Amino acid sequence: MFKNRLFKNVLFRWMPHKEQSICEKRLVKVVKRLKVENFNFNWDRNSCFVEFTYQGESYRLEHSVDKAKEKGIILRNGLDCLNELTQSLEDLGLIIDRGMYDFDTWIAGMRQSPSVEEPPEVQDEFQLKYKSLGKQAGEETIALKPETSFKKFEDSHPASKRTQIK
């Protein structure tokens, strides 16, 4: 189709960045359509998320390559996940525009619980990681002979004595 190699290389270098910007613009557009003011999104190699605040509540939508694979859907990377998530939000926007349900009804199950747990201190983590398990049930101890010194070995085996070089 393309005979000029330079044109092909420029075109293929331009396409992935164009895809990313299109996806991000679609996401911004649909989030504004849902009347969400503050939102944050990110995608990485295998997953994506969209966090937003709606009427004082925090929400987080997540999607990943692994979740899609469990359902039999093949996604290449996190950008594909973000495209799928954006498409779902666009579909949700259409349902809301038809007047079937409010946005509150749809996102009620996506509420983000506040993180109560604090990260453990390094010292506690070290003690937990290397805590002795003690003797386990059904485990036997094996008595070992105390090691004999090398000198005693040489005395009992005269053929194995080292020769000294003078």
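Each residue is numbered by its place in its chain's sequence as written, counting from 1. Local features in this predicted model are restricted to residues whose pLDDT is 70 or higher, and side-chain atom pairs enter the listing and the counts only when it is 80 or higher, whereas totals over whole chains, interfaces and linings include all residues. As a rule here, side-chain values cover all heavy atoms of the structure and leave hydrogens and water aside.

Caption draft 1: Spatial organisation of unusual backbone geometry. Although it is not a glycine, Lys35 adopts a positive phi angle of roughly 60°. Exposure classes here rest on a 1.4 Å probe applied to the protein chains alone. A residue is buried below 20% of its type maximum, exposed above 50%, and partly exposed in between. Exposure remark for Lys35: the relative accessible area of 66% places this residue in the exposed category. Residue Gln55 is not a glycine yet carries a positive backbone phi of 50°. Where helices and strands are cited, they refer to DSSP runs of H or I of at least four residues and of E of at least two residues respectively, numbered from the N terminus. Here Gln55 is to be found in the loop between β2 (47-54) and β3 (57-64). For Gln55, a relative accessible area of 61% translates into the label exposed.

Caption draft 2: Highlighting the environment of Ile107. Within the secondary structure layout, Ile107 lies in helix α4 (residues 103-107). The exposure class assigned to Ile107 is buried, which follows from its relative accessible area of 1%. Taking C-alpha positions, Ile107 is 9.5 Å from Arg60, a pair spaced 47 residues apart along the chain. The contact criterion used is simple: two residues touch if any of their non-hydrogen atoms lie within 4.5 Å. Every residue in contact with Ile107, bar those within four places of it in the chain, is listed here: Phe52, Tyr54 and Tyr59.

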